[in-house]
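For reference, the chains in residue letters:
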Amino acid sequence: MDKNIQNFRTIDLNIDISKLPTPIYIVDERLIEKNLKILKEVMDKTGCKILLAQKAFSMFSLYPLIGQYLSGTTASSLFEAKLGYEEMKEKEVHIYAPAYREDEFDEIISICDHIVFNSFSQWNKYKNKIKASAKKIECGLRINPEYSEIETDIYNPCFTGSRLGITLENFQGNDLEGIDGLHFHTMCEQNSDVLKRTIEVVDKKFGKYIKKMKWINFGGGHHITRPDYNIDTLIECIMYIKNKYNVEVYLEPGEAIALNAGYLATRVLDFVKNNIDIAILDTSAACHMPDVIEMPYRPKVIGAREAGQYPYTYRFGGLTCLAGDIIGDYSFSKALQIGDILIFTDMAIYTMVKNNTFNGVNLPTIASYNEKDGLKIIKKFGYKDFKERLS
Ligand SMILES: *Cc1c(COP(=O)(O)O)cnc(C)c1O
């Protein structure tokens, strides 16, 4: 494996990589399906329902496939809800938002079957509208159990002063008429031992209210499809709550559906030298993988190792003018050449949904892959997409 490191054959796709129109996201449907089967097994073993949280992954061309396994979608906005409603047919449509806009609420009622509110004031504001609608809508409240093991504040819905969810102190539990469920979301990329400790707190603090509910939603942040994830503990948590309170349990992971199921292929455009060797790619951290800068993290590249581990080390930079548009430092056993194709892994999530055209950089092509059809180009972008968001 040491020779020809940017050895594209380490990617298990039966296509001519050298002909790819870069930059391009390739989502491997087989890997999505592998994830979906794991999630379906949890549903089958526990009777819980699992929803796709669209925030991380909204590649709606795959919603029919996802809908074969999961119970529906959840959304953080009207637009996401509409996307789930339109593209994952006949499935549940849930929504939660920190607050709903009045001018959007009628449409939300018309497409959603579960609406979760972030406060009693929002619930009180909209409950008559919901009661008056001909459609049966189940309503929930997001609670903040004030317990989270997330260490980075921007991803921690329980940090001091968080606006997300109702704390026990502010929970007006004496009138819950019309409320069918409680929702908490306090995890991020975590294993089920964290869920177990969270459930203990939720149980202790909010148990007397869960008793009155039809369902409880454990939110997202469950990295269920990661190889080291402990599914037995997840199942134990779900069954504990189901049996103790006789409620239905929902999970709404986002990342877990498309974790490790997509690639971003890019070409080397040029090399510059400034103390170290820098390769400029036809992609951009700022535009095409914004979490690299925001989280921040260093994505993996097939065939590459940490800087210095192989003889040829490069810093990968994007083609915007932002000085910080840097993806990371990587080493290879063979020198890279202009025109070489590099493949970043785990690029299905938090990419397409967060991309932008900063600096007029075009958006990557979106493609899927399956055995029967091979590589299927789903969408290409161009100048029009850039211009239409400006005025
Ligand atoms: C982000 C989010 C999710 C999905 O989280 P993942 O980390 O992608 O699993 C689910 N529910 C809510 C309310 C969220 O904000």
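Residues numbered from 1 in each chain as written. Predicted model: local features only at pLDDT ≥ 70, side-chain atom pairs only at ≥ 80, totals over all residues. Heavy atoms only, no water.

## Concerning the overall build of the chain
Moving on, step 1. Helix and strand content of the chain: eleven helices and 17 strands.
Moving on, step 2. Here the chain has a C-alpha radius of gyration of 23 Å; the compact-globule value for 391 residues is 21 Å, and the two agree.
Moving on, step 3. The principal-axis extents of the C-alpha atoms in the chain amount to approximately 70 × 45 × 45 Å.
Moving on, step 4. Excluding contacts between residues fewer than 6 apart, the proportion of contacts in the chain whose partners are at least 24 apart in sequence is 68%.
Moving on, step 5. When the accessible surface of the chain is split by element, carbon and sulfur atoms take 50% of a total near 18100 Å².
Moving on, step 6. Charge separation in the chain, taken as the distance between the mean sites of 48 positive and 52 negative side-chain charges, equals 1 Å. (Helix = DSSP H or I, 4+ residues; strand = E, 2+ residues; numbered from the N terminus. Rg over C-alpha atoms; globule rule 2.2 N^0.38 Å. Contact = heavy atoms within 4.5 Å. Areas by Shrake-Rupley, 256 points an atom, 1.4 Å probe, with all protein chains shown as cover. Lys, Arg positive; Asp, Glu negative; His and termini not counted. Charge placed at Lys NZ, Arg CZ, Asp CG, Glu CD.)

## So, the site of the ligand
Moving on, step 1. In the vicinity of the ligand there are 13 residues, among which Lys-55, Gly-221, Glu-252, Gly-254 and Glu-255 approach most closely.
Moving on, step 2. Measuring from a nitrogen atom of the ligand, one finds a side-chain N or O atom of Glu-252 at 2.6 Å.
Moving on, step 3. Taking 380 Å² as the accessible area of the ligand by itself, protein coverage stands at 91%.
Moving on, step 4. According to the grid-proximity analysis, the pocket containing the ligand is the largest pocket.
Moving on, step 5. For the shell around the ligand, the residue count by class is four nonpolar, five polar and four charged. (Near = heavy atom within 4 Å. Polar contact = N/O pair within 3.5 Å; in protein donor to acceptor, adjacent residues only side chain to side chain. 1 Å grid on protein atoms, 1.4 Å probe; cavity = no way out; pocket = protein on both sides within 12 Å on 5 of 7 lines; lining within 4 Å. Sits in = over half its atoms within 2 Å of the grid points. Nonpolar A, V, L, I, M, F, W, Y, C, P; charged D, E, K, R; others polar.)

## A word on the pattern of salt bridges
Moving on, step 1. Scanning the model with the defined rule gives 27 salt bridges in all.
Moving on, step 2. Ionic pairing is found between Asp-228 and Arg-226, a salt bridge with its closest N-O pair at 2.6 Å.
Moving on, step 3. One salt bridge in this structure joins Lys-376 and Asp-373, with 3.7 Å as the shortest N-O distance.
Moving on, step 4. The structure contains a network of salt bridges with shared partners spanning Asp-12, Asp-28, Arg-30 and Glu-371. (Salt bridge = Lys/Arg side-chain N within 4 Å of Asp/Glu carboxyl O.)

## Observations regarding helix H7 (residues 231-245)
Moving on, step 1. Here H7 is 15 residues long and its end C-alpha atoms lie 21 Å apart, about the 21 Å a rise of 1.5 Å per residue gives.
Moving on, step 2. For H7, the secondary structure elements touched by its buried residues are helix H1 (29-46), helix H6 (192-210), strand S9 (215-217) and strand S10 (248-251).
Moving on, step 3. Immediately beyond the C-terminal end of H7, within one or two residues, lies Asn-246, with a positive phi of roughly 55°. (Expected span 1.5 Å × (residues − 1).)

## Looking at the side chain of Ser-331
Moving on, step 1. Tracing the backbone through its elements, the reader meets Ser-331 in strand S14 (residues 326-332).
Moving on, step 2. Given the relative accessible area of 0%, Ser-331 is considered buried.
Moving on, step 3. Here Glu-306 takes part through its backbone oxygen, which lies 2.7 Å from a polar atom of the side chain of Ser-331.
Moving on, step 4. Within the structure, Ser-331 has its side chain in polar contact with the backbone nitrogen of Gln-309 (distance 3.5 Å). (Buried < 20%, exposed > 50% of the residue type's maximum accessible area, 1.4 Å probe, protein only.)

## Considering the domain arrangement of the chain
Moving on, step 1. If you check the domain split of the chain, you get domain 1 (3-28 + 261-387) and domain 2 (47-257).
Moving on, step 2. Once you take the C-alpha centre of each, domain 1 and domain 2 turn out to be 34 Å apart.
Moving on, step 3. Each partner contributes to the interface: domain 1 provides 13 residues, whereas domain 2 provides twelve residues.
Moving on, step 4. By the criterion of area lost to domain 2, the three top residues of domain 1 are Met-295, Ile-349 and Tyr-350, representing 46% of everything that side buries.
Moving on, step 5. Seen at the junction of domain 1 and domain 2, the total is zero salt bridges. (Domains from an automatic or database assignment. Buried area = accessible area lost by both parts, 1.4 Å probe.)

## Focus on the side chain of Asp-340
Moving on, step 1. Here Asp-340 lies in the loop between S14 and strand S15 (341-345).
Moving on, step 2. Nearest to the buried, unbridged Asp-340 among oppositely charged side chains is Lys-334, at 6.6 Å.
Moving on, step 3. A distance of 2.8 Å separates a polar atom in the side chain of Asp-340 from the backbone nitrogen of Gln-337.

## Here's the deal with the pairing of strand S3 (residues 72-75)
Moving on, step 1. Side-chain alternation along S3 places Gly-72 and Thr-74 on one buried face and Thr-73 and Ala-75 on a second face that is also buried.
Moving on, step 2. Examined bridge by bridge, strand S2 (residues 49-53) and S3 share three bridges and lie parallel to one another. Bridging from a neighbouring strand, Ala-53 pairs with Thr-74 of S3.
Moving on, step 3. Where S3 and strand S4 (residues 92-96) come together, four bridges link them in parallel fashion. Following the sheet pairing, Thr-73 is matched in S4 by Val-93.
Moving on, step 4. A crossover links S3 with its parallel partner S4, the connecting element being helix H3 (residues 78-87), and its sense is right-handed. (Pairing = 2+ DSSP bridges. Right-handed = clockwise from strand over helix to strand, strands pointing away.)

## Points about the packing of H3 against helix H4 (residues 102-111)
Moving on, step 1. Where H3 contacts H4, the axes come no closer than 10 Å and their chain directions differ by 25°. It follows from the interaxial angle that H3 and H4 lie roughly parallel. The handedness of the crossing between H3 and H4 comes out as left-handed. Contacts from Leu-78, Ala-81, Lys-82 and Tyr-85 in H3 reach Glu-104, Glu-107, Ile-108 and Ile-111 in H4.
Moving on, step 2. Considered class by class, the residues forming the contact of H3 with H4 number five nonpolar, no polar and three charged. (Axes fitted to C-alpha atoms, helices over the stretch in contact; angles between N-to-C directions. Parallel < 35°, antiparallel > 145°, perpendicular 65-115°, else oblique. Left-handed = near helix turned anticlockwise from the far one by under 90°.)

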